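Chain and residue survey
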Amino acid sequence: QVHLVESGGGLVQPGGSLRLSCAVSGFTVSGNVMGWYRQAPGKLREWVARIGRGDTTEYVDDVKGRFTISRDNAKNTVYLQMNSLKPDDTAVYSCRHLGSIGDYWGQGTQVTVSS
């Protein structure tokens, strides 16, 4: 069975940092496209970052230069390092794999940026 489990969210002050983790079971993250999404209160879910098969990365404009997506193949885990956090980054963050085996999401982890 496929499972994606996020962790690492929490409350952080503006300007602070968090690292989110997405632990995957049921398939290997190596060579697969993995993404991070977020949904803020009262807003639609939006795509945040993606890491491709060749470890190419893409980001929504709002997080470029602040967020970094990466993966550890040995731990079968995908990360989202978030720096210089802003109150507008407050959301539930979820990881996703959309591929030939199906469309899988984690349950999400809450990130709150507030003083």
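Before going into details, it helps to say that this report is about the structure given with it. What you are looking at is a predicted structure, and each value in this text was computed from that prediction instead of being measured. (Residues numbered from 1 in each chain as written. Predicted model: local features only at pLDDT ≥ 70, side-chain atom pairs only at ≥ 80, totals over all residues. Heavy atoms only, no water.)

Thoughts on the sheet that holds strand S8 (residues 77–82)
- Taken together, 4 strands build an open sheet; the order of strands is S1-S3-S8-S7 and the sheet is antiparallel. For this open sheet the edge positions go to strand S1 (3–7) and strand S7 (67–72), each flanked by a neighbour on one side alone. When strand polarity is set aside, the average angle formed by the axes of neighbouring strands in this sheet is 15 degrees.
- As defined by bridge partners, S1 adjoins strand S3 (residues 18–25) across 5 bridges and the pair is classed as antiparallel. Following the sheet pairing, Val 5 is matched in S3 by Ala 23. (Pairing = 2+ DSSP bridges. Helix = DSSP H or I, 4+ residues; strand = E, 2+ residues; numbered from the N terminus. Axes fitted to C-alpha atoms, helices over the stretch in contact; angles between N-to-C directions.)

A look at the pattern of salt bridges
- A complete count under the given rule lists 9 salt bridges for this structure.
- Among the salt bridges present, the one from Glu 58 reaches Arg 50, with a minimum N-O distance of 3.0 Å.
- Residue classification places Glu 58 among the partly exposed residues on the basis of a relative accessible area of 42%.
- Measuring nitrogen to oxygen at the nearest pair gives 2.8 Å for the salt bridge that ties Asp 89 to Arg 66. Of this pair, Asp 89 sits in the loop between S8 and strand S9 (91–99) while Arg 66 sits in the loop between strand S6 (57–59) and S7, and the two are 23 residues apart along the sequence. Residues Asp 89 and Arg 66 agree in their burial class; the two are buried.
- Each of Arg 38, Glu 46, Asp 62, Arg 66 and Asp 89 takes part in one network of salt bridges that share partners. (Salt bridge = Lys/Arg side-chain N within 4 Å of Asp/Glu carboxyl O. Buried < 20%, exposed > 50% of the residue type's maximum accessible area, 1.4 Å probe, protein only.)

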